[in-house]
Structure formats: C-alpha cells, structure tokens
Amino acid sequence: MGDRRERTTRTLVGTMLAGVGRGELLGVARRLAGAPEMATSWRGRDLVAVARAADLAAPLPELDEERGEPLLAALVMGEVGMSIETTAARLGTHARQVSRWRESAEAGRA
C-alpha cells in the first residue's frame, strides 16, 4: 500500500489537515454527537472544545473525560482523516486507546 501520509497545511500557529476548516470540525462534532445543527454543547458535552481539540492549529482545550469529550474528539479527528498516532499525541493518550474508541464507535457502542 505504500507510505500513508496525511495532507497538512502549515499555519502560523501549527498544522491543520488540508481542506478542513474550523467550522467543518464543529459540524462533524455535532453530527457524531447527534446534536442539532446550531448546537455548541449537547448532552453536557462542549462541542466547541471538541472541535478545537481536533484543530491542530488551536491550543488544546481542557476536555471532560467523564462526559466523553476526549472520545468524541478522537472520533472527529478520525472522521477528517487524522491518524491514530496524531490523534493520540494531540489528546495525550495512547494509540491503542484511540484505536479502541474508534473500533467501539464503528461497532455502534460509543
């Protein structure tokens, strides 16, 4: 299959996947959480913080583990094509944990 690399764009602050805007990240977070179109939080989860966590060019916000925000952020990152390793590094967790979260979501258990 060859070398799999993420297409990224350099910004003044950091790196962001090419073609993925901040508004799109919030939209993906809303969709994955099952939130209404204009929601900024849903069922106790801060969707703006989740989207900012997925934005590599933004400072990492504090995510609430009890409310499942890191899991949702990992799913958003996967949805936009971020690797498991990049996601794990960004969220400060292990690649295996990110892999479990994604597998669980695919199986409909997230």
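Right above here is the structure, for reference.
All figures in this text were calculated on a predicted structure; none of them were measured in a lab.

1. Section: the layout of surface pockets
Next, step 1: Reported here for the largest pocket is a volume of approximately 190 Å³.
Next, step 2: Residue lining of the largest pocket: Leu60, Pro61, Leu63, Glu65, Pro70, Leu71, Leu91, Gly92, Thr93 and Trp101, and that is the complete set.
Next, step 3: For the lining of the largest pocket, the class distribution of residues is seven nonpolar, two polar and one charged.

2. Examining the pattern of salt bridges
Next, step 1: One pass over the full model with this rule turns up three salt bridges.
Next, step 2: A salt bridge links Asp64 to Arg67, with the nearest nitrogen and oxygen atoms 3.4 Å apart.
Next, step 3: The partly exposed category is assigned to Asp64, whose relative accessible area is 28%.
Next, step 4: In this structure, Arg96 engages Glu103 in a salt bridge whose closest nitrogen and oxygen atoms are separated by 3.7 Å.
Next, step 5: Arg96 sits in the partly exposed class, given a relative accessible area of 45%.

3. Some points on helix α5 (residues 95-106)
Next, step 1: Spanning twelve residues, α5 covers 17 Å between terminal C-alpha atoms, matching the ideal 16 Å at 1.5 Å per step.
Next, step 2: For α5, the set of buried residues is Val98, Ser99, Trp101, Arg102 and Ser104.
Next, step 3: In this fold, the buried residues of α5 make contact with α3 (69-79) and α4 (84-91).
Next, step 4: In the stretch just after α5, Gly108 is the one whose phi turns positive, near 80 degrees.

4. A closer look at the nonpolar core
Next, step 1: If you look at the biggest cluster of nonpolar residues, it comprises 27 residues, and the most contacted ones within it are Leu47, Val76 and Leu91.
Next, step 2: No other element matches the seven residues that α3 contributes to this core.
Next, step 3: When sequence neighbours within four positions are dropped, the list of residues in contact with Leu47 reads Leu26, Ala29, Arg30, Ala33, Ala35, Ala39, Thr40, Ser41, Trp42 and Leu72.

5. Notes on the environment of Ala95
Next, step 1: You can see Ala95 is positioned in helix α5.
Next, step 2: The class of Ala95 is partly exposed, set by a relative accessible area of 30%.
Next, step 3: Placed eleven residues apart in sequence, Ala95 and Ile84 show a C-alpha to C-alpha distance of 5.8 Å.
Next, step 4: Contacts of Ala95, omitting those with residues within four sequence positions, involve Ile84 and Ala88.

How each quantity is defined
- Along each chain, residues carry numbers from 1 onward, in the same order as the chain's sequence is written.
- Under the rules for a predicted model, residues below a pLDDT of 70 receive no local features and side-chain atom pairs below 80 are neither given nor counted, while totals for whole chains, interfaces and linings still include all residues.
- Excluding hydrogens and water, the side-chain figures rest on all heavy atoms present in the structure.
- Cavities and pockets were defined on a 1 Å grid built over protein atoms only: a cavity is a set of grid points that admits a 1.4 Å probe from which the probe cannot escape, a pocket is an open set flanked by protein on both sides within 12 Å along at least five of seven lines, and lining residues are those with an atom within 4 Å of any such point.
- Grid points are joined across faces, edges and corners, and a volume is the space filled by probe spheres set on the points.
- All amino acids are sorted into three groups, where Ala, Val, Leu, Ile, Met, Phe, Trp, Tyr, Cys and Pro are nonpolar, Asp, Glu, Lys and Arg are charged, and the leftover types, Gly among them, are polar.
- What makes a salt bridge here is a side-chain nitrogen of Lys or Arg within 4 Å of a carboxyl oxygen of Asp or Glu, nothing more.
- For every residue, the accessible area obtained with a 1.4 Å probe (protein chains only) is divided by the maximum for its type, and the residue is called buried under 20%, exposed over 50%, and partly exposed between those limits.
- A helix here means a DSSP run of H or I that spans at least four residues, while a strand means a run of E at least two residues long, and both kinds are numbered starting from the N terminus.
- Given a helix with a known number of residues, its expected span is that number minus one, times 1.5 Å.
- We call two residues contacting when some pair of their heavy atoms lies within 4.5 Å.
- Residue types Ala, Val, Leu, Ile, Met, Phe, Trp, Tyr and Cys, when buried and joined through side-chain atoms within 4.5 Å, form a set referred to as a nonpolar core.

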